[in-house]
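Results of the structural survey
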Amino acid sequence: MRSKAQAAGPTMRLLPASVAPFLLLLFLLSCPRSVYSGGQKHLSSILSFGDSYADTGNLVSWDDPVLQSVNLIRNPPYGETFFGHPSGRATNGRIVLDFIADALGLPFVPPVLSRGENFSTGVNFAVAGATALNLTYLQGQNITVDLPINSSLNDQLRWFEQLKPSLCRRSSSTHGGRSSSGCFGESLFMIGQFGANDYRNILMNSNMTLEQARSFVPEIVNTIATGVERLIHHGAKYIVVADKIPFGCMPATLSMLQSPNKGDYDQYGCLKSFNTRLSQYHNALLRGRVDVLRRRYPHTRLVFAEHYRPVVMFLQDPDHFGFNRSTALVSCCGGGGPYNQNWKAPCGTPGATACASPSKAITWDGFHLTESAYSSIAQGWLHGHYADPPIQHLLDD
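Below or above, wherever it landed, is the structure these notes cover. (Residues numbered from 1 in each chain as written. Predicted model: local features only at pLDDT ≥ 70, side-chain atom pairs only at ≥ 80, totals over all residues. Heavy atoms only, no water.)

We now examine the packing of aromatic side chains. As enumerated under the stated definition, the model contains 16 aromatic pairs in all. Pairing Y78 with W364 gives two aromatic rings, centres 6.0 Å apart and planes at 70°, and the pair type is edge-to-face. With Y78 in the loop between α2 (65-70) and α3 (96-103) and W364 in the loop between β7 (353-354) and α13 (371-383), this pair connects stretches of sequence that are 286 residues apart. Taken together through their ring pairs, the aromatic side chains of F49, F125, F160, F184 and F189 make up a single cluster. When the ring centre of F108 is taken as reference, the NZ or CZ atom of R89 above it lies at 5.5 Å. Across from the ring centre of Y281, 3.9 Å away, lies the NZ or CZ of R214, which sits over that ring. (Phe/Tyr/Trp six-rings, centres within 6.5 Å; stacked < 30°, edge-to-face > 60°. Helix = DSSP H or I, 4+ residues; strand = E, 2+ residues; numbered from the N terminus. Lys NZ or Arg CZ within 6 Å of the ring centre and 35° of its normal.)

For the rest of this paragraph, the subject is helix α8 (residues 217-233). Given a rise of 1.5 Å per residue, 17 residues ought to cover 24 Å, and the 24 Å separating the end C-alpha atoms of α8 matches this to within 8%. When we look at burial in α8, the residues that qualify are V217, I220, V221, I224, A225, G227, V228, E229, L231 and I232. Just downstream of α8, G235 is the residue with a positive phi angle, here 105°. (Expected span 1.5 Å × (residues − 1). Buried < 20%, exposed > 50% of the residue type's maximum accessible area, 1.4 Å probe, protein only.)

Scanning the model with the defined rule gives 4 disulfides in all. Covalently, C168 is tied to C183 through a disulfide, its sulfur atoms 2.0 Å apart. Of this pair, C168 sits in helix α5 (residues 153-174) while C183 sits in the loop between α5 and β3 (187-191); the two residues are 15 residues apart in sequence, bridging distant segments of the chain. For C183, a relative accessible area of 2% gives the class buried. Here C332 pairs with C355 through a disulfide, and the sulfurs are 2.0 Å apart. (Disulfide = S-S within 2.5 Å.)

Our focus in this paragraph is unusual backbone geometry. Across the chain, the bulk of peptide bonds are trans and the bulk of non-glycine residues have phi less than zero. Residue P77 is reached from P76 by a cis peptide bond, and omega for that bond is 10°. Cis peptide bonds are those with omega within 30 degrees of zero, and the linkage from D388 to P389 qualifies with -10°. Following the sequence through the fold, P389 ends up in the loop between β8 (387-388) and α14 (391-394). At N142, a position not held by glycine, the phi torsion is positive, near 60°. Its location among the elements puts N142 in the loop between α4 (135-140) and α5. Among the residues examined, N142 registers a relative accessible area of 65% and is labelled exposed. We note that N207 has phi near 55°; this positive angle belongs to a residue other than glycine. Relative to the helices and strands, N207 is located in the loop between α6 (196-205) and α7 (210-215).

Now for the layout of surface pockets. Reported here for the largest pocket is a volume of approximately 820 Å³. What lines the largest pocket is a set of 36 residues, and nearest its centre among them are D146, R200, W343, F367 and H368. Those elements giving two or more residues to the lining of the largest pocket turn out to be α6 and α9 (251-256). (1 Å grid on protein atoms, 1.4 Å probe; cavity = no way out; pocket = protein on both sides within 12 Å on 5 of 7 lines; lining within 4 Å. Points joined across faces, edges and corners; volume = space filled by probe spheres on them.)

What follows is about the packing of α8 against helix α10 (residues 272-296). The interhelical angle for the contact between α8 and α10, taken along N-to-C directions, is 30°, at an axis separation of 9 Å. When the interaxial angle is binned, α8 and α10 end up roughly parallel. Crossing angle aside, the handedness with which α8 passes α10 is right-handed. Counting all contacts with α8, which are made through V217, P218, I220, V221, N222, I224, A225, V228 and E229, the residues of α10 involved are L278, Y281, H282, L285, L286, R289, L293 and R296. (Axes fitted to C-alpha atoms, helices over the stretch in contact; angles between N-to-C directions. Parallel < 35°, antiparallel > 145°, perpendicular 65-115°, else oblique. Left-handed = near helix turned anticlockwise from the far one by under 90°. Contact = heavy atoms within 4.5 Å.)

This part covers the packing of α3 against α13. The contact between α3 and α13 brings their axes to 8 Å, and the two run at 50°. Of the possible angle classes, the one that applies to α3 and α13 is oblique. Crossing geometry of α3 relative to α13 is assigned as right-handed. Residues V96, F99, I100 and A103 of α3 form the contact with α13, whose own contacting residues are E371, Y374, S375, I377, A378, W381 and L382.

Right, let's get into the sheet that holds strand β4 (residues 238-242). With mixed pairing, 6 strands are arranged side by side in an open sheet as β2-β1-β3-β4-β5-β8. Both edges of this open sheet fall to β2 (122-124) and β8, since each of them pairs with a single strand only. When strand β1 (residues 45-49) meets β3, the two strands line up parallel, connected through 5 bridges. Paired with S45 across the bridge in β3 is S187. (Pairing = 2+ DSSP bridges.)

Positionally, P165 belongs in helix α5. Placed 18 residues apart in sequence, P165 and C183 show a C-alpha to C-alpha distance of 9.7 Å.

Attention now goes to the pairing of β3. Every other side chain in a regular strand lies on the same face of the sheet, so the side chains alternate between the two faces. Buried residues dominate β3, accounting for 5 of its 5 residues. Burial along β3 is two-sided: S187, F189 and I191 facing one way and L188 and M190 facing the other are all buried. The pairing of β3 with β4 spans 4 bridges and is parallel. Bridge pairing links M190 to V240 in β4.

Let's shift gears to the pairing of β1. Taken across its 5 residues, β1 has 5 buried, putting it largely inside the fold. Side chains S45, L47 and F49 project from β1 onto one buried face, and the interleaved I46 and S48 project onto a second face that is buried too. Where β1 and β2 come together, 3 bridges link them in parallel fashion. Among the inter-strand pairings, I46 is bridged to a residue of β2, identified as G122.

Spelled out as structure tokens, the structure:
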């Protein structure tokens, strides 16, 4: 991977002794409570890994002309709600990672493939379409991968390892010097959702059965857990591990894998078996592996963060969360049909349109959630509804 130029930080000048105490007081009063409040610790950077639920611009920066021609998230109406233009995020605005960074008093986490970025407060290795399992392995299993690029979890960890010396030098110069093994003591590592694209490629691109997809779950979960352990060995102390969305509730799943049997659907209109036999199975195994890692590494703080439960809660009581009940399973952006999922006119193509009120929609484009849904999930990760333990509790250690 190409090395990235890093922007130099501002030069500090000495202040008169009479002015410094006053400015220090102003600084402390202006710091967000989530970052500095009495004895709370300060998390100085975020290192993120994942797929489109965490990507802040790596896929749109990927140096591949063929890929760029089919990369729809670079087109409007992506990004319309918050940024006013496509931002490299697969939604209408901000994602969970953005809300977490803001709550910690940090800037948005820049993608590793961006040019001229300063990675002193974090770097994002996540790539939309990324799988847990390696591309060559998936292809060797006769699985068609719709974005055949090397962006798996293992690839992202390799990029991190290549960049680590630079990150540690910056950490050392910023925080008074520390050993390589301890340079991430104030960093939050976020392992976003992995596995969703593996299952999507297996089920939708390769026309395999649910049971065939289920057979890959232990290997996918083991890959994620091994990746977490790899980061621990690199000195990661605070790690968020995210679970998987309810696959059977996504409009894209409901459109492509629809069943003529009404008994295959639950009371919310989701395909039951894709949730119980795939997503819940994946999440239960992953939670179990996180518990094992907690016992093995008692000095590391592991947060198990949920996508599955909040999405189900949105469907159970959409009014409570400000969502439109009548369109709870309908994509905001799409090309028509019962779930607004027209595969000839997906979101980002000229034939697709976005709904008038994205804040009232749960899903944006069939697989990805709206900014409103991500905001609610982020609050749950920060304060405890959807995280064990809450990220804010890491600051109280």
